[in-house]
Amino acid sequence: MTGERRALIIANGEYDNPGLSALRSPAADAEALASVLADRAISDFDVQVVRDETAHVIASRVEDLFADSAPDDVVLVHFSCHGLKSESGELFFAARNTRPERLASSAVPADFVQRCMRMSRSRSIVLLLDCCYGGAFGRGVVVRATGEANVLDAFPGGGLGGRGRAVITASNSIEYAFEGDNLADDHARPSVFTSALVEGLRTGDADRDEDGWIALSELYDYLFDSVRERNPNQTPSRDIEMQGELYLARSRRRRIKPSPVPADLRAASEDPNMFTRLGAVTELQRRLTSENLSVAIGAHEVLTTMAQTDIQHVAEAADLARREARVRTEPDVVRFGEVVRGARPVARIGLAGPPIARACRFTSSHSWLGVTEVDGGAEISLDQGEIGAFDGQVTVTGPTGEVVVRVEGQVVQEPAPPPPPLPAPEPRPVPSPPPKPEPVRAPAPEKPGPPAESPPAPPAEVPAPRPKPGPFAVAAGLFAFAAAVCLLVIAFQLSSSVEDFFEDGGWTVLPLVVFAIGAGVMMFPSKTRRMAGPGLLCGLALLSAIPYGPVVLVLARGCLIVAAAWGLVALRRDRSFRIGLGKPRDALANAALVAGCAGAAGLMVEAAELFDYSSSRADEGAIYLVVAVMLLFGTVLGALLRPAAFGIAFQGGVAGGGLVMVCMLFYALPSSSRVTGAGWGIALAMMLSLAIVTGFAARKAKG
């Protein structure tokens, strides 16, 4: 069809005569229907809107529309107003100046509209009448007419000279069309009939056969079901006489018909040879990413069959291939946060994946959750007027699956603006008495007077109270202090003299005492208990997990492990804590990673020398090897932990624990097993370097 598509929307809700009640719906009807009919992606009509005009203006616009139309034009007229019946049974459409006792001169006769339709050259005419006929109504609805009239009788099918035309009404002759629910907030909303009409066209739900087009017959079927579902007391009616099918709008619900795969590819997917079927999976995966959706869905069907029926190895490959075409959304949860009542925020849901994964439609779970499909996804709008939390869903459905996106937030009351300050009263001028002449005196010598008073200093700002540490942070700090006490007991009770204290290696636990006390102290200030304190405790606890040494030493290490556990519990709600690669690392962070790895390598060298020296020292070499592996693991893990402040503190704890373990192992082993000590020296130097580097890096880290 090469003609134009022209639409005229007539909405009358305001009336001069007090006998005709005002209608809230027509204004919203006109706005919503004009928007969807003018949308080039849906209906592409040239839309004209006539709102609250007099009868002669409406009649003139109706006559112009039908008289100026060409044979191939599609003409659509929508009335939303009162429908009135005269004493003789004639039907009239109420205008702004309509007087019920003078309908012939102040209203638009239905017979006039019928004559205009009959004289029009257009072969495709659609008339939509959202008008009521009756005098009774219930609570929460507004009746749009009085008396009873059958609107279809006013538009008989035999007077159009064979031209196709359709009349669809909001209700039949003995029912009433309603204006939605009781509008306590006095905001206009479309009527039941027109809101269903707009929704069916905009969402494409009226496309029952999903062929990509909304036919007039499909639209009526959708209107009938939708209106009856919302209001069982209202039944839309129709009188359609047309040759062929008239398509009013496009639809995004087009069902994709799968294109059969080539015969050789089908044969390969069913070949007895497993490797031939695996090759078919690769080719089907390539077709799955095609821009031709029919080709892609055909490949998806074959891959689905193979994933369900083939042997495990082939089925897993087929399932992995088809997963690339699953429906994926970004984000998977839309969080509006706090929304001021009356605001209309908008969020976007994007689609990812190949074309077949993006051929989706969107449906919302609630009427206050609007969904508008756009290129690459959909825009989610919020029209929630009730105070409190809200939780809805948007279902994204495509040929390859379905995804549900949660929408959550909270509507809050808009804060009342503060009252303007009252203007200060202006002081009235007091007349001053005339100055009296003073006798002339000789100038007296000036005496030094008191110094001028300086203006008062502004009051000092009271600092905001610092947040107190939580119970988990306090527990972590106390257990760290308990570990330090146990270590001090070891240091001074196992040595009978100062000379034994240094010669037998009792001093080797002192660095661990310092690190434990420092970690415990960090769990109390607000600047360090969030990341630095827990990170240092976890690093110390990593090497403390090795059960080596006397009972008191094991007890001290147990206290460190418990302290680290409480520190992690204190981090349980911090969403920034994760493991993964972040932004490029600086020189200090890279130096810490190198030092830790080099220290682990030194301990491995020492372990290898012990293994080669004597089989009797194999157990001692194994201990060196375990400590080296734990040290390497802790250094690499600290480099991956985020935020950076936690990872750096973790590496510092690993350095402290590593220093103590290296020194204690050296002093605990017999002198005959120390061989050259080269690996031990490298490990000790690298542990010292790691501790120093992490100290400098901690000063630069944030958090």
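Residues numbered from 1 in each chain as written. Predicted model: local features only at pLDDT ≥ 70, side-chain atom pairs only at ≥ 80, totals over all residues. Heavy atoms only, no water.

1. Here we look at the overall build of the protein chain
Definition in use: Only runs of H or I of at least four residues qualify as helices and only runs of E of at least two qualify as strands under DSSP, and these elements are numbered from the N terminus. Accessibility here uses a 1.4 Å probe with only protein chains present; expressed as a share of the type maximum, an area under 20% marks a residue as buried, one over 50% as exposed, and anything in between as partly exposed. Note on definitions: a residue-residue contact is assigned when non-hydrogen atoms from the two residues lie within 4.5 Å. All accessible-area figures derive from a Shrake-Rupley calculation using a 1.4 Å probe, and residue coverage is judged against the displayed protein chains alone.
Along its length, the protein chain carries 20 helices and 21 strands. Evaluated residue by residue, the protein chain yields a buried proportion of 44% over its 703 residues. Considering only intrachain contacts with a sequence separation of at least 6, the fraction spanning at least 24 residues in the protein chain is 71%. Of the accessible surface of the protein chain, which amounts to about 37200 Å², a share of 57% is contributed by carbon and sulfur atoms.

2. Examining the sheet that holds strand β16 (residues 369-374)
Using the following cut-off: When DSSP locates at least two bridges between a pair of strands, those strands are taken to pair. Note on definitions: angles span 0 to 180 degrees between N-to-C directions of axes, and those axes are lines fitted to C-alpha atoms, for helices only across the stretch in contact.
The 4 strands are arranged β12-β14-β17-β16 in an open sheet whose pairing can be described as antiparallel. Where the open sheet ends on each side, the last strands, each with one partner, are β12 (328-330) and β16. Taking each pair of neighbouring strands and ignoring which way they run, the sheet shows an average axis angle of 30°. Sheet topology note: the β12/strand β14 (residues 346-352) ladder contains 3 bridges and is antiparallel. Paired with Arg328 across the strands is Ala352, a residue of β14.

3. So, the sheet that holds strand β3 (residues 74-80)
With mixed pairing, 6 strands are arranged side by side in an open sheet as β2-β1-β3-β7-β8-β10. In this open sheet, the two strands that pair with only one neighbour each are β2 (46-51) and β10 (237-241). Taking each pair of neighbouring strands and ignoring which way they run, the sheet shows an average axis angle of 10°.

4. A closer look at helix α9 (residues 293-309)
Here is the rule we go by: Working rule for helices: expected span equals 1.5 Å times residues minus one. Under the rule applied, a polar contact is a pair of N or O atoms within 3.5 Å (in protein, one hydrogen donor and one hydrogen acceptor; residues adjacent in sequence only if both atoms are side-chain atoms).
With 17 residues, α9 should reach 24 Å at 1.5 Å per residue; the first-to-last C-alpha distance of 24 Å fits that figure. All of the buried residues in α9 are Val295, Ala296, Ile297, Gly298, Ala299, His300, Val302, Leu303, Thr304, Met306 and Ala307. Lining the buried residues of α9 we find α7 (263-269), α8 (274-288), α10 (312-323) and α11 (355-358). With a side-chain oxygen positioned 3.1 Å from the backbone nitrogen of Ser294, the residue opening α9 is Asn292.

5. A few points about the packing of aromatic side chains
Keep this limit in mind: Stacked, edge-to-face and tilted labels apply to pairs of Phe, Tyr and Trp rings (six-membered ring for Trp) whose centres lie within 6.5 Å, assigned for plane angles under 30 degrees, over 60, and everything in between, in that order.
Overall, the coordinates contain 5 aromatic pairs when judged by the stated rule. Between Tyr220 and Phe224, the aromatic rings sit 6.1 Å apart at their centres with planes inclined by 50°, giving tilted as the arrangement. Of this pair, Tyr220 and Phe224 both sit in helix α6 (residues 216-230), 4 residues apart, which is roughly one turn of the helix. Classification of Phe224 by relative accessible area gives partly exposed; the value is 29%. Aromatic rings pair up to connect Phe336, Trp368 and Phe390 into one cluster.

6. Let's talk about the pairing of strand β17 (residues 377-382)
The side chains of a regular strand alternate between the sheet's two faces. Judged from the 5 bridges that link them, β14 and β17 form a sheet pairing that is antiparallel. The partner of Ile349 across the bridge, within β17, is Ala378. Of the pairings in the sheet, the one linking β16 to β17 comprises 6 bridges and is antiparallel in character. Bridge pairing in β17 links Gly370 to Ser381. The turn linking β16 back onto β17 is made up of 2 residues, and Gly376 within it adopts a positive phi angle of 80°.

7. A closer look at the UniProt feature "transmembrane region" (unreviewed entry) in the protein chain
How we decide: UniProt positions are given in the numbering used here, feature names are shortened, and annotations may be inferred rather than shown by experiment.
Under the present numbering, the feature "transmembrane region" (unreviewed entry) in UniProt falls on residues 472-494, 506-524, 554-571, 591-611, 623-641, 648-669 and 675-698. Helix and strand shares over residues 623-641 are 95% and 5% respectively, and the end C-alpha atoms of the span are 27 Å apart.

8. Considering unusual backbone geometry
A cis geometry characterises the amide bond from Glu330 onward to Pro331, with omega recorded as 0°. If you trace the backbone, Pro331 turns up in the loop between β12 and β13 (333-340). Unlike most non-glycine residues, Asp44 shows phi in positive territory, near 60°. With respect to the element layout, Asp44 can be found in the loop between α1 (25-38) and β2.

9. What to know about the pattern of salt bridges
Oppositely charged side chains can form a pair if their charged atoms are brought close together. Quick reminder of the rule: Note on definitions: salt bridges are taken to be side-chain nitrogens of Lys or Arg within 4 Å of carboxyl oxygens of Asp or Glu.
In the structure shown here, the tally under the stated rule is 14 salt bridges. For the salt bridge of Arg165 with Asp239, the shortest nitrogen-to-oxygen distance reads 3.1 Å. Placement of the pair is Arg165 in strand β8 (residues 164-169) and Asp239 in strand β10, with a sequence separation of 74 residues. Each member of the pair Arg165 and Asp239 is classed as buried. A salt bridge links Asp225 to Arg208; its shortest N-O distance comes to 3.0 Å. Of this pair, Asp225 sits in helix α6 while Arg208 sits in the loop between α5 (192-203) and β9 (213-215); the two residues are 17 residues apart in sequence, bridging distant segments of the chain.

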